[in-house]
Amino acid sequence: MLQTLTLTLDLRIRPNQIYDFRGAFISLAAGSGITDEDVSWIANEKYEKGIWGQSLSQYPRVQYRIRDGYAQIWSINEGRKAIEKLIKRKSLVQFTIHDVSYPLQVTETEKETFTLRSGDKMEDYLLFHYVPHEDGNDKEYHTQETMVDKIRLLERLITNGILKSLSSLEIPQLVDYKPSLSIIDIISKDKAVYKTKDKNTRKPIVKRPLSYFIKFKCSLILPEGFAIGHHKSLGYGAIFRVENS
């Protein structure tokens, strides 16, 4: 069973500010008094006795996004529980970004308790800013001989991405849920601009990986906002169900 919690906040931000928002929110969590384990879930990075360790190699339980120009937090399972503890402590009012105090207010709350299942029919989904390759290199895509081959490649990458994400969430008997998936349309491709930490220096850097906006059909019914691909914690690769056309 999957449990998700989505919070839309009253903080207006642009896409290139998600990194700073995420960092400020993680700092808030670290100083809130919740357990080190909960802070680690929120940061997707090992945190113990005030010391930061390595990034966790797992599906990020808390992801930072934008909805209609406002900051949003999407969380699942352990991440949802950690975020709920922050809310219970009323810690969001202690939020500070760029040394400016900004007491966060939740303007919308969405909760979902979800059991992964296959539908009787194929469901339509939109996949936003999907980054299949960490370095943004889409050489494999362009070396395919035909458009059919390119579509098949993306279908395989998306299918594997769904299965990898679900596996990290420890879905039991995952082999029973292998999705049947078909791309309807590649709506657009563009360079995604985001900030991250350099793996060696740990200093902020800007990257511009190639991202895809795709409509596809899938036999699995997925939770709203479930994400795949790289840089999920910064809002990339989120999936939303749409009405069948």
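## Re the sheet that holds strand β4 (residues 62-67)
- Taken in spatial order, the 4 strands of this open sheet run β4-β5-β1-β8, and their pairing is antiparallel. With partners counted over all chains shown, the strands left at the sheet margins are β4 and β8 (106-114), one partner each. Each adjacent strand pair in this sheet contributes to an overall mean axis angle of 20°, direction not counted.
- As paired elements, strand β1 (residues 2-12) and strand β5 (residues 70-76) share 6 bridges and run antiparallel to each other. Residue pairing in the sheet places Arg12 in a bridge with Tyr70 of β5.

## Some remarks on the pattern of salt bridges
- A full pass over the atoms with the stated rule returns 8 salt bridges.
- Put simply, Asp124 and Lys217 hold a salt bridge, and the shortest N to O gap is 2.8 Å. Taken together, the positions of Asp124 in strand β9 (residues 117-130) and Lys217 in strand β13 (residues 210-221) put the pair 93 residues apart, joining distant regions of the chain.
- Several salt bridges share partner residues, and in doing so they unite Arg67, Glu108 and Glu110 into one network.

## A word on helix α1 (residues 18-30)
- Across its 13 residues, α1 extends 18 Å between first and last C-alpha, which sits within 8% of the 18 Å expected from 1.5 Å per residue.
- Within α1, the full set of buried residues consists of Ile18, Tyr19, Phe21, Arg22, Ala24, Phe25, Ile26, Leu28 and Ala29.

## Examining the side chain of Arg65
- Along the chain, the position of Arg65 falls in strand β4.
- Buried Arg65, no salt bridge; nearest opposite-charge side chain is Glu224, N-O distance 8.7 Å.
- A polar contact of 2.6 Å, which involves the side chain of Arg65, links it to the side chain of Gln63.
- A polar contact is formed between the side chain of Arg65 and the backbone oxygen of Gly225, at a distance of 2.6 Å.

## Some details on the packing of α1 against helix α2 (residues 36-43)
- The interhelical angle for the contact between α1 and α2, taken along N-to-C directions, is 175°, at an axis separation of 9 Å. Viewed along their axes, α1 and α2 adopt a mutual orientation that is roughly antiparallel. Side by side, α1 and α2 meet where Arg22, Phe25, Ile26, Ala29 and Ala30 of the first sit next to Val39, Ile42 and Ala43 of the second.
- Residue classes in the contact of α1 with α2 are distributed as 7 nonpolar, no polar and 1 charged.

## Re α2
- Most of α2 sits out of view: 6 of its 8 residues are buried.
- Within the sequence span of α2, burial applies to Asp38, Val39, Ser40, Trp41, Ile42 and Ala43.
- Positive phi shows up at Asn44, right after α2, with a value of about 55°.

## What to know about the side chain of Asn77
- Examined against the element boundaries, Asn77 turns out to sit in the loop between β5 and α3 (78-88).
- By relative accessible area, which is 16% here, Asn77 ends up buried.
- If sequence neighbours within four positions are ignored, Asn77 has contacts with Met1, Leu2, Gln3 and Leu169.

## Focus on the sheet that holds β9
- Pairing is antiparallel across the open sheet formed by 4 strands, whose spatial order is β10-β13-β9-β14. Looking at which strands have only one partner, the edges of the open sheet turn out to be β10 (181-191) and β14 (238-242). The sheet shows a mean angle of 25° between the axes of neighbouring strands, direction not considered.
- Most of the contacts of helix α5 (residues 147-168) go to β10, to which it runs at about 95°, and overall it touches β9, β10 and β13.

## Digging into the packing of α2 against α3
- One way to put it is that α2 packs onto α3 with a least axis distance of 9 Å and a crossing angle of 115°. In this view, α2 runs roughly perpendicular relative to α3, as classed from their interaxial angle. Considering only the axes of α2 and α3, their crossing is left-handed. For the pair α2 and α3, the contacting residues are Asp38, Trp41 and Ile42 in the first and Glu78, Ala82, Ile83, Lys85 and Leu86 in the second.
- Broken down by class, the residue content of the contact of α2 with α3 amounts to 5 nonpolar, no polar and 3 charged.

Each value, and the rule that gives it
Residues numbered from 1 in each chain as written. Predicted model: local features only at pLDDT ≥ 70, side-chain atom pairs only at ≥ 80, totals over all residues. Heavy atoms only, no water. Pairing = 2+ DSSP bridges. Helix = DSSP H or I, 4+ residues; strand = E, 2+ residues; numbered from the N terminus. Axes fitted to C-alpha atoms, helices over the stretch in contact; angles between N-to-C directions. Salt bridge = Lys/Arg side-chain N within 4 Å of Asp/Glu carboxyl O. Expected span 1.5 Å × (residues − 1). Buried < 20%, exposed > 50% of the residue type's maximum accessible area, 1.4 Å probe, protein only. Lys, Arg positive; Asp, Glu negative; His and termini not counted. Polar contact = N/O pair within 3.5 Å; in protein donor to acceptor, adjacent residues only side chain to side chain. Parallel < 35°, antiparallel > 145°, perpendicular 65-115°, else oblique. Contact = heavy atoms within 4.5 Å. Nonpolar A, V, L, I, M, F, W, Y, C, P; charged D, E, K, R; others polar. Left-handed = near helix turned anticlockwise from the far one by under 90°.

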